[in-house]
Amino acid sequence: MKFLHTMIRVKDLERSEKFYKENLGFVESRRKDFPEDEFTLLYLKLEDSPYELELTYNYDGRDYTIGDGYGHIAISHKDIKTFREELKNKGCDVTELKALSDKSDSYFFVKDPDGYKIEVIGEK
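Residues numbered from 1 in each chain as written. Predicted model: local features only at pLDDT ≥ 70, side-chain atom pairs only at ≥ 80, totals over all residues. Heavy atoms only, no water.

1. Quick look at the pattern of salt bridges
Then comes step 1: Tallied over the full model, the rule gives 10 salt bridges.
Then comes step 2: Measuring nitrogen to oxygen at the nearest pair gives 3.9 Å for the salt bridge that ties Arg 15 to Asp 114. Linking Arg 15 in helix 1 (residues 13–24) with Asp 114 in the loop between strand 8 (106–111) and strand 9 (117–122), this pair joins segments that are 99 residues apart in sequence.
Then comes step 3: For the salt bridge of Lys 21 with Glu 17, the shortest nitrogen-to-oxygen distance reads 2.6 Å. (Salt bridge = Lys/Arg side-chain N within 4 Å of Asp/Glu carboxyl O. Helix = DSSP H or I, 4+ residues; strand = E, 2+ residues; numbered from the N terminus.)

2. What to know about the environment of Phe 39
Then comes step 1: Here Phe 39 shows up in strand 3 (residues 39–45).
Then comes step 2: In the structure, Phe 39 is positioned 53 residues away from Cys 92 in sequence and 27 Å away in space, judged by C-alpha atoms.
Then comes step 3: Once you skip the residues sitting within four places of it in the chain, Phe 39 turns out to touch Lys 32, Asp 33, Phe 34, Tyr 57, Asn 58 and Tyr 59. (Contact = heavy atoms within 4.5 Å.)

3. Quick look at the side chain of Glu 54
Then comes step 1: Mapped onto the secondary structure, Glu 54 falls in strand 4 (residues 52–58).
Then comes step 2: Of the side chains with opposite charge, Arg 30 comes closest to the buried, unpaired Glu 54, at an N-O distance of 6.5 Å.
Then comes step 3: For Glu 54, the side chain forms a polar contact with the side chain of Thr 56, separated by 2.9 Å.
Then comes step 4: Apart from residues lying up to four places away in sequence, Glu 54 is in contact with His 5, Thr 6, Met 7, Ile 8, Leu 41, Leu 42 and Tyr 43. (Buried < 20%, exposed > 50% of the residue type's maximum accessible area, 1.4 Å probe, protein only. Lys, Arg positive; Asp, Glu negative; His and termini not counted. Polar contact = N/O pair within 3.5 Å; in protein donor to acceptor, adjacent residues only side chain to side chain.)

Here you go:
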């Protein structure tokens, strides 16, 4: 078995696609349009990872409530201090830089346009 993807529902596909590509470096791996069923699936991935993020867009414009069981997805970056400042300067909603109590990992969170949290962890 292997882990394939995580799916999240988005309200505005273009806005979400732009956020993930321009701010976090994701690239489109594939797209599937289902006009007869009124939805589009956009699969994004990071360059060095086979794991995909699936953005599901339903054409009916429905609203979604993020469940309290959902936490976040996580990506890594070599220079999270600079990357955090870049995102902040672009107007992204970012938290302060934090570390675990044992100081082993540094991280921060950024929210996408729908309010989903992405944890950015410093690479060692």
